[in-house]
Structure formats: structure tokens, C-alpha cells
Amino acid sequence: QVQLVESGGGLVQAGGSLRLSCAASGRTFSDYNMGWFRQAPGKEREFVAQISWSGHSTYYGDSVKGRFTISRDSAKNTVYLQMNTLQPEDTAVYYCAAANVITPTPHLYNYWGQGTQVTVSS
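A. The arrangement of the sheet that holds strand 8 (residues 78-83) in detail. Pairing in this open sheet of four strands is antiparallel, and the strands run 1-3-8-7 from one edge to the other. Two strands in the sheet have a free side with no partner beyond their single neighbour: strand 1 (2-7) and strand 7 (68-73). Averaged over all neighbouring strand pairs, the angle between strand axes comes to 15 degrees, with direction disregarded. Here strand 1 pairs with strand 3 (residues 18-26) via six bridges, running antiparallel. Bridged to Glu6 within strand 3 is Cys22.

B. Local environment of the pattern of salt bridges. On inspection of all chains with the given rule, the structure shows four salt bridges. Note that Glu46 and Arg38 form a salt bridge whose closest N and O atoms lie 2.8 Å from each other. Of the residues examined, Glu46 reaches a relative accessible area of 30% and is grouped as partly exposed. Measuring nitrogen to oxygen at the nearest pair gives 2.8 Å for the salt bridge that ties Arg38 to Asp90. In this pair, Arg38 sits in strand 4 (residues 33-39) while Asp90 sits in the loop between strand 8 and strand 9 (92-99), placing the two residues 52 residues apart along the sequence. Assigned by exposure class, Arg38 and Asp90 land together as buried. Taken together, the salt bridges that share partners define one network made up of Arg38, Glu46, Arg67 and Asp90.

C. Here's a closer look at unusual backbone geometry. At Asn77, a position not held by glycine, the phi torsion is positive, near 50 degrees. For Asn77, the location among the structural elements is in the loop between strand 7 and strand 8. Positive phi values are uncommon outside glycine, yet Thr85 reaches one of about 50 degrees. Judged by relative accessible area, Thr85 falls into the partly exposed class, the value being 41%.

D. Summary view of the state of the cysteines. Per the stated rule, a full pass over the model turns up one disulfide. With a sulfur-sulfur separation of 2.1 Å, Cys22 is cross-linked through a disulfide to Cys96. Taking the sign of the S-S torsion, -75 degrees for the link of Cys22 and Cys96, the bridge is left-handed. With Cys22 in strand 3 and Cys96 in strand 9, this pair connects stretches of sequence that are 74 residues apart. A relative accessible area of 0% means that Cys96 is categorised as buried.

Definitions and cut-offs
Residues numbered from 1 in each chain as written. Predicted model: local features only at pLDDT ≥ 70, side-chain atom pairs only at ≥ 80, totals over all residues. Heavy atoms only, no water. Pairing = 2+ DSSP bridges. Helix = DSSP H or I, 4+ residues; strand = E, 2+ residues; numbered from the N terminus. Axes fitted to C-alpha atoms, helices over the stretch in contact; angles between N-to-C directions. Salt bridge = Lys/Arg side-chain N within 4 Å of Asp/Glu carboxyl O. Buried < 20%, exposed > 50% of the residue type's maximum accessible area, 1.4 Å probe, protein only. Disulfide = S-S within 2.5 Å.

Shown next, in the form of C-alpha cells:
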């Protein structure tokens, strides 16, 4: 089992920045590729970013490329999502997840956090 706890969400004005954190506990953090997803009301869960278990490879959804950066700190068992130039359409609940594979597909992730709300005002 892996337990994931997100933090860092909040309210920010358009053009601003936030950094989300996801703290992992349980099984070895470095065994997993880590991802971020988001879900807005009435919409499907959307892939945001993924980082490989080694940290050497990163992948992004088209809507966040160039604005968001995913990273991980294995010493702290934590994965981060730096979000810059935020826009109202970025408003959603953001979820951290762990997977054995590299994939943007939510149902292939093994473990999920409870989510953290990000609200971007115009």
C-alpha cells in the first residue's frame, strides 16, 4: 500500500503560481512513477503530468505544457507540481497518483490521494 497526501492548493488570481506537494508513505516511493491529474465539476479526470520512478523522464498534458513542471524528491518521498501562469480553466481538484507504468490513463494508476482544490479567479 502507498498512502498519498496532497497539499498546497488554494485560491490564486489569474497569472499567478502555486506549488502542489504530494507526500507518500508506505511502500517504497522510488518504485513508482508518479502522476498528477485534475478534475473540474462535471468533467472527466484529466491527465496533467507524470514523472518516472527515476525522475529522469517527465510527461505533460497538452493544456499545461510550458506552464507546469513536475518533480520529485526521493529523500523526502514527495512529488511536486509547480504551476505557473495559472488560468481560470485550471480550476479543479488536483490529485496525486502512483503507477507501475508510464501512462496518462487514470485507471492504470494503483494509488490515489484525496485531492486538493485549486481555484483560479479571473
